[in-house]
Amino acid sequence: MTAFDGRFPPEADMEQSYQAFLAACPEYEATLSLDELRSRDFSRLDAEGHVYLDYTGGGLYAESQVRRHTELLLGTVFGNPHSSNPTSLATTERIERCRGRVLEFFNASPDEYAVIFTANASQALKLVGESYPFGKDDRFLLTFDNHNSVNGIREFDRVRGAETMYVPLEPPLLRVPWATIKCYLSRPCSGENKLFAYPAQSNFSGVQHPLEWIELAHSMGWDVLLDAAAFVPTNRLDLGQVHPDYVALSFYKMFGYPTGVGALIGRREALDKLHRPWFAGGTIAVASVQADLYSLVSGPPAFEDGTLDYTNIPAVEFGLDFVDAVGLDMIHDRVLCLAHWLIEGLLSLRHKNGRPLILLYGPRDRHGRGGTITVNFLTAEGGIIDHEVIEGGANKQMISLRTGCFCNPGAGELALGLSRDEIVSCFRPLKQEEELTYENFRSCIDSKGTGAVRVSVGSVTNFADIFAFLSFANGFLS
């Protein structure tokens, strides 16, 4: 892809800009069938005038997915699977069929991996955190840019005497050098259990961390938890090639529907290492009140508390079929083209005094990044324009983006230049009965800002969406 030509005047003609874009990214033309798909299966976007740029927050569902699922519901009698009556057995068959389809999509051998259905990626991560056999002197290692649902695992390891250790990122690209990760993985640990967690793609910066870290960590005695939620919607995760012990994801991030189903895909050997802290309906073979004993069932059901969302799980299969029919590689290529053009366009915007309008957090090229782009808007004097102001302006133009820290405080703290002492000082003045609200925190460190603006492109983003956001951004120039 050739470089952005640096020109984006407010009166820019979209067709002229589109032709320049095609010349810079000729491979985009191979993805034009996605424009036809948008008009056919996502017509509500353009009919209502939406510019949807929040794909990292949630994918969009196709009309055909919903129709297919509706037809199944209307033509089938589903029963609670925890029985052996005809409707229960039919439902169980559907659920097991969907487990197999998930393994197939990720090229995971059923002899090596098992699929545990959860409500979302966060529940999948919590399952690992609460069940991993942390003990005295064990270690939980994670990168700074993990989602809060991964950060929260530290509360499980600490109460059991284990140590939490963070691997820092290097601003402004917010990457971790190979030498740094190798150094942290090789540090002596006297404990028996070591868990290393990282996102395949940061939901803050779009940085894609090397999947080669998995084997490196294994060679040093670590179990690996991969948060794949932001990665798998536009990138292929081949579990026949890489072998993380635990993979967490949400299906709505991939294809929008259903919203209440996620998965923990775990290596069977690694799942055997987990010890559930409780039992519930659906997870046990036998439980006794008088004997005060219980026995868990084997396999994935031991981790699936209560009754599964059995009417929505079949919709996962339809979503995976949809992605396969469209082509994940095509989606990937389209996203990279549009994201790179958007980045170059934003970075070309300058105030009359020559100062940049945009401060980008993360990589500015296509290498090792996804379609998640996080920025702050700057005044002509170089100060940060409050992200809520940007969001308010975007809302008026029907542009859906996201602002804040995106449940990723580590990356946000480093990107915004917040020190540990500054953050701690905002917690300490609180009395025991007081609550630290986000508004109080913003007020405490107002001089540096507490968040950013995130736009993210996805499967049916088109050039008009990118042009609309660049035009919107151009309006903040002095």
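Residues numbered from 1 in each chain as written. Predicted model: local features only at pLDDT ≥ 70, side-chain atom pairs only at ≥ 80, totals over all residues. Heavy atoms only, no water.

K.L.:
Talk me through the sheet that holds strand 12 (residues 372-377); I want residue IDs and the actual numbers.
P.N.:
The four strands lie next to each other as 11-12-15-14, forming an open sheet whose pairing is antiparallel. If you trace the sheet from one side to the other, it starts and ends with strand 11 (358-361) and strand 14 (402-404), each paired once. Direction aside, neighbouring strands of the sheet carry axes that sit 35° apart on average. Of the pairings in the sheet, the one linking strand 14 to strand 15 (residues 452-456) comprises three bridges and is antiparallel in character. Bridge assignment links Thr403 to a residue of strand 15, and that residue is Val453. (Pairing = 2+ DSSP bridges. Helix = DSSP H or I, 4+ residues; strand = E, 2+ residues; numbered from the N terminus. Axes fitted to C-alpha atoms, helices over the stretch in contact; angles between N-to-C directions.)

K.L.:
Kindly report on the sheet that holds strand 5 (residues 194-199), identifying the contributing residues and their values.
P.N.:
Spatially, the seven strands line up as an open sheet ordered 2-8-7-6-5-3-4, and their pairing is mixed. Looking along the sheet, the strands with just one partner apiece sit at the ends: strand 2 (113-118) and strand 4 (163-167). Across this sheet, the average inter-strand angle for adjacent strands is 20°, counted without regard to direction. Relative to strand 5, strand 3 (residues 139-143) is paired through four bridges, and the arrangement is parallel. Considered in strand 5, the bridge of Leu141 is made with Phe196. Sitting on the sheet, helix 9 (residues 178-185) is in contact with strand 3, strand 4 and strand 5, with an inclination near 170° to strand 4. (Contact = heavy atoms within 4.5 Å.)

K.L.:
If you had to explain the pairing of strand 2 to someone new, which residues and values would you point to?
P.N.:
Two faces, one strand: in a regular strand the side chains alternate between the faces of the sheet. With six of six residues buried, strand 2 is to be regarded as a mostly interior element. Burial along strand 2 is two-sided: Tyr113, Val115 and Phe117 facing one way and Ala114, Ile116 and Thr118 facing the other are all buried. Relative to strand 8 (residues 262-267), strand 2 runs antiparallel, the two sharing six bridges. Paired with Thr118 across the two strands is Gly262, which belongs to strand 8. (Buried < 20%, exposed > 50% of the residue type's maximum accessible area, 1.4 Å probe, protein only.)

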